[in-house]
Amino acid sequence: MSSATGKAPPIGTFHECAQCQKKFTVTKYTISNDSGFLCHPCAKSSGENPFKKPAPRKRKPAAEKRTVKNFEEVEPVKTLTGMCISIIGSYIDQVEELGDVGAVNMDKICRIVSKSRNLNEHNVRLFYDVTNTSLVIYDSTNLKSPAFSAMSALNPNLQRLTLHMCGQMESTVLDDWSKSFKNLTRLELHAPFLVREPAWINFIRAKGPQLTGFLITNSPRFTQECLDTLVESAPDLNELRLAEFTKMNDSWLEGIAQFTSLTSLDLSSDRSSRISLTSQPVIELLKSVGRNLALLRLDANEELDDTMLLDGVALHCTALETLSMSLLPALTDEGVAKFFDKLPLTNELTCVNFSRCHEVSSLALRAILKHSRATLQSLNINGCKEVDEDALNLIGEAAPRLTELDVGWCRNVNDLVIGSILLPKRGMTELKTINCFGCNRITQNCPKKAGVTIIGVETDISRQRL
Amino acid sequence: MAEDSEQAKQSDWVKIISKRDGHSFIVPRDVAMGSGFLRNSFNPEAGFLEGTQNTCEVDDRAIIVEKVMEYLAHKNLYAKAGPREEIPDFQERIPPDIALELLMAADFLEA
């Protein structure tokens, strides 16, 4: 302890007690009274406890070091759409209460309910009807197998059925369907991946003879044997889609070639399996079925090359209206150009899709426009990044009936190109939508026109409160 | 300069007109902003005519538009409610016989 506290003499020294005059050693517990310092016994007898600690200094209460925010779930105001859907859900059994259902477009309602992921087995009944001949469900994610089976009981007269996202559909559903759906002619399923091979075979055997359209996307369990059964049971099939089938390969094409009445064929691939159809077998297939095809789609079969187009499609297809050859990186600009020069004009193409074929460029675009100028309504060259400005400027002039255009990621698209498309020299166009994502030469001065939706202009991002 | 005069035209109130019945509804701008569609229409930067004229036409019956405006007012009032405030249920104020049409309108207007 420092010596100069001012009060007590240094610790360890001798001092005289003020009361009894005896000498004692000063410690830090030495207490004084008015006259002087006391020795330990006198201090005790005077009542003062030398060992008493000084009264603790009053501290400020320790400030809260952590500010804990009380996080309570704030329930935001419910959306009007959500509330309407709840109301509809609760009035399913008294549909008359919902007003004039005839005046309302039920398909639109189905889209809205699906879009907000609110479609479930309860409110889906709103769209069922004994007299329905056609039914489209845009999001069947929440429907389980019993709901799918019930669908056939509640819509017995269906002719056309389309179900998107039917991931929970199991084999039992197809078994039940093979005993009902007396009038079914066209079945379109997206992602029925749980359905197993025996169920497919059983269903196809039962319903094949009455089917004109069999369109399935994304089924890893559909085997070649299923296909053979289909060939056997439905030889007059018009519409066939076996898209994103991981088991599909060239050997299937021989079977498919037997569907000589095909008007629509979609064999797009599932890129994840890395299996692609190859050109030669596809050419053989087209020899057999190409004649009547109005729609041909072979997207994402990455090994297909120019020969498939030149020796397959150009030689054997005479009635094409929709041609989709997207994501085929082996196609070349000259190849595609030569193809369109060679393709007979009896193919009055309304819809052409060469998106994400990176080599496809100006020569091909000019050839497309030359071939299909009179009939083209929808053109998609998204990802054909090298197409030059001159070719792009031709689009407005060359295709007066164009309603939909996708030039996303075509780097040479700029304000002038958009202008030439919107306002061709010859007058008005029928254009409704332009997609130009990734075209960074378009500025905010991009021309606009009433009635035309232009999506993907980068300077618009600031206007969208994302 | 043009932008200044456009900004000057922005008023506190906007008008929503029902194309089918001709009824018009005048609501505060904040209330209309509760609808995604109206927010974009009235945004002066977006370049739509509605932005300068503060008027927007909607292709719905007047009853439906009225209910949507009622909802937007409700939403505006309770949007900033604290966690303990009781928000009255708007759902009971929707008569079921307009539910389907109202759903289509609500979806279109992004309400």
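Residues numbered from 1 in each chain as written. Chains lettered and ligands numbered in written order. Predicted model: local features only at pLDDT ≥ 70, side-chain atom pairs only at ≥ 80, totals over all residues. Heavy atoms only, no water.

**Brief notes about the overall build of chain A**
To keep things clear, this is the line we draw: Helix numbers and strand numbers start at the N terminus; a helix is a DSSP run of H or I with at least 4 residues, a strand a run of E with at least 2. Any residue under 20% of the maximum accessible area for its type is buried, any over 50% is exposed, and the rest in between are partly exposed; the area is computed with a 1.4 Å probe on protein chains only. Throughout, a residue-residue contact means that at least one pair of heavy atoms, one from each residue, lies within 4.5 Å. Note that accessible areas follow from Shrake-Rupley with a 1.4 Å probe, and for residues the cover is restricted to the protein chains shown.
Scanning chain A for helices and strands turns up 14 helices and 15 strands. Every one of the 466 residues in chain A was classed for burial, and the buried ones make up 48%. Look at the contacts in chain A between residues 6 or more apart in sequence, and 71% of them connect residues 24 or more apart. Per element, the accessible surface of chain A, about 23,800 Å² overall, is 52% carbon and sulfur.

**Some words on the interface of chain B and chain A**
The condition that has to hold: Buried area, as used here, totals the accessible surface that two parts lose on assembly, with accessibility defined by a 1.4 Å probe and the loss added over both. Think of a salt bridge as a Lys or Arg side-chain nitrogen and an Asp or Glu carboxyl oxygen that are within 4 Å of each other. Nitrogen and oxygen atoms within 3.5 Å of one another constitute a polar contact, given that in protein one can donate a hydrogen and the other can accept it, and given that sequence-neighbouring residues count only through two side-chain atoms.
Facing 29 residues of chain B, the contacting portion of chain A comprises 29 residues. Of the roughly 2,600 Å² buried where chain B meets chain A, counting both sides, 68% is carbon and sulfur surface. Connecting chain B to chain A are one salt bridge. Close ionic contact of Lys115(A) with Asp107(B) constitutes a salt bridge, the shortest N to O distance being 3.0 Å. Here chain B is connected to chain A by four residue pairs in polar contact (both at pLDDT 80 or more).

**Section: the pairing of strand β1 (residues 13–18) of chain B**
Residue and element names in this part refer to chain B. Which entries qualify depends on this criterion: Two strands are counted as paired when DSSP detects at least two bridges linking them.
Sheet analysis places β1 next to strand β2 (residues 24–28), joined by five bridges and oriented antiparallel. Bridge pairing links isoleucine 16 to phenylalanine 25 in β2. When β1 meets strand β3 (residues 55–58), the two strands line up parallel, connected through four bridges. Bridging across to β3, isoleucine 16 finds its partner in cysteine 56.

**Some remarks on the packing of aromatic side chains**
Think of a pair of aromatic rings as described by two things: how far the centres are apart, and how the planes are tilted against each other in angle. Going by this rule: Side-chain rings of Phe, Tyr and Trp, where Trp is taken by its six-membered ring, are said to pair if the distance between their centres is within 6.5 Å; with planes under 30 degrees apart they count as stacked, over 60 as edge-to-face, and otherwise as tilted.
Summed over the entire model, instances satisfying the criterion amount to eleven aromatic pairs over all chains. Arranged with centres 6.2 Å apart and planes meeting at 80°, the rings of Trp200(A) and Phe214(A) form a pair that is edge-to-face. Residue Trp200(A) is located in helix α6 (residues 197–207), and its partner Phe214(A) is located in strand β6 (residues 213–217); the two are separated by 14 residues in the primary sequence. Residue class for Trp200(A) comes out buried when judged on its relative accessible area of 0%. For the pair Phe37(B) and Phe108(B), a centre-to-centre distance of 4.8 Å together with 45° between the ring planes defines the contact as tilted. Separated by 71 residues along the polypeptide, Phe37(B) in helix α3 (residues 36–42) and Phe108(B) in helix α6 (residues 99–109) bring together distant segments of the chain. The partly exposed category is assigned to Phe108(B), whose relative accessible area is 44%. These aromatic residues form a ring-pair network of at least three members: Trp200(A), Phe214(A), Phe222(A), Phe245(A) and Trp252(A).

**Here's the deal with the nonpolar core**
Here is the rule we go by: To qualify as a nonpolar core, a set must consist of buried Ala, Val, Leu, Ile, Met, Phe, Trp, Tyr and Cys residues joined through side-chain atoms within 4.5 Å.
Ranked by size, the top nonpolar core spans 159 residues in total, and within it Leu80(A), Trp177(A), Phe214(A), Leu242(A), Ile256(A), Phe340(A) and Phe354(A) carry the most contacts. In terms of residues, this core owes the most to one element, α6(B), which gives eight residues. Those residues in contact with Trp177(A) that lie beyond four places of it in its chain are Phe148(A), Ser149(A), Ser152(A), Leu161(A), Leu163(A), Met169(A), Leu187(A), Leu189(A), Phe203(A) and Lys207(A).

**A look at the packing of helix α11 (residues 333–342) of chain A against helix α12 (residues 362–372) of chain A**
Residues and elements named next belong to chain A. We apply this condition: Each axis is a line fitted through C-alpha atoms, and for a helix only the stretch in contact is used; angles between axes span 0 to 180 degrees, taken between their N-to-C directions. Each angle receives one of four descriptions, namely roughly parallel if under 35 degrees, roughly antiparallel if over 145, roughly perpendicular if within 65 to 115, and oblique otherwise. Two helices cross in a left-handed way if the nearer one is turned anticlockwise from the farther one by less than a right angle. They cross in a right-handed way if the turn is clockwise. Throughout this entry, Asp, Glu, Lys and Arg are counted as charged residues, while Ala, Val, Leu, Ile, Met, Phe, Trp, Tyr, Cys and Pro are counted as nonpolar. The remaining residues, Gly among them, count as polar.
The interhelical angle for the contact between α11 and α12, taken along N-to-C directions, is 10°, at an axis separation of 7 Å. One finds that α11 runs roughly parallel with respect to α12. Regarding α11 and α12, the two cross each other, and that crossing is left-handed. Touching Asp333, Glu334, Val336, Ala337, Phe340 and Asp341 of α11 are Ser362, Leu363, Ala364, Ala367, Ile368, Lys370 and His371, all from α12. Each residue belonging to the contact of α11 with α12 can be placed in one class, and the counts come to seven nonpolar, two polar and four charged.

**Overview of the side chain of Thr81(A)**
Following the sequence through the fold, Thr81(A) ends up in helix α2 (residues 80–90). A relative accessible area of 15% places Thr81(A) in the buried class. Leave out the neighbours within four places in its chain, and Thr81(A) touches Ile112(A), Leu103(B), Ala106(B), Asp107(B) and Ala111(B).

**A word on the sheet that holds β3(B)**
Where strands meet in a sheet, backbone hydrogen bonds hold them as pairs that are either parallel or antiparallel. Residue and element names in this part refer to chain B. Taken together, the three strands give an open sheet; going across it, the order is β2-β1-β3, and neighbouring strands pair in mixed fashion. For this open sheet the edge positions go to β2 and β3, each flanked by a neighbour on one side alone. Direction aside, the axes of adjacent strands within the sheet are offset by 25° on average. The strands touched by helix α5 (residues 62–78) are β1 and β2; relative to β2, the strand with the most contacts, the crossing angle is about 10°.

**Considerations on unusual backbone geometry**
Residues and elements named next belong to chain A. Non-glycine residue phenylalanine 181 carries a positive phi angle of around 50°. Along the chain, phenylalanine 181 turns up in the loop between α5 (171–177) and β5 (186–190). For alanine 300, which is not glycine, the phi torsion reads 65° and is therefore positive.

**So, empty space enclosed by the protein**
As a reminder of what qualifies: The distinction between a cavity and a pocket rests on a 1 Å grid over the protein atoms alone: a 1.4 Å probe fits inside a cavity but cannot get out, while a pocket stays open yet meets protein on both sides within 12 Å along at least five of seven lines, and a residue with an atom within 4 Å of a point counts as lining. Grid points are joined across faces, edges and corners, and a volume is the space filled by probe spheres set on the points.
One pass over the structure, following the stated rule, counts three cavities of 30 Å³ or more. The computed volume of the largest cavity comes to approximately 70 Å³. When grouped by side-chain class, the residues that make up the lining of the largest cavity number five nonpolar, six polar and one charged.

**Some details on the environment of Ser35(A)**
Residue and element names in this part refer to chain A. Note that serine 35 resides in the loop between β2 (23–25) and α1 (40–45). A relative accessible area of 60% places serine 35 in the exposed class. Through-space distance from the C-alpha of serine 35 to that of glutamine 19 is 8.3 Å; in sequence the pair is 16 residues apart.

**With respect to the pattern of salt bridges**
A complete count under the given rule lists 14 salt bridges over all chains for this structure. Residue Asp266(A) pairs with Arg297(A) through a salt bridge whose shortest N-O separation is 3.6 Å. Placement of the pair is Asp266(A) in strand β8 (residues 264–266) and Arg297(A) in strand β9 (residues 295–297), with a sequence separation of 31 residues. On the accessibility criterion, Asp266(A) (5% relative accessible area) is buried. Among the salt bridges present, the one from Arg61(B) reaches Glu101(B), with a minimum N-O distance of 2.7 Å. Of this pair, Arg61(B) sits in the loop between β3 and α5 while Glu101(B) sits in helix α6, and the two are 40 residues apart along the sequence. Among the residues examined, Arg61(B) registers a relative accessible area of 27% and is labelled partly exposed.

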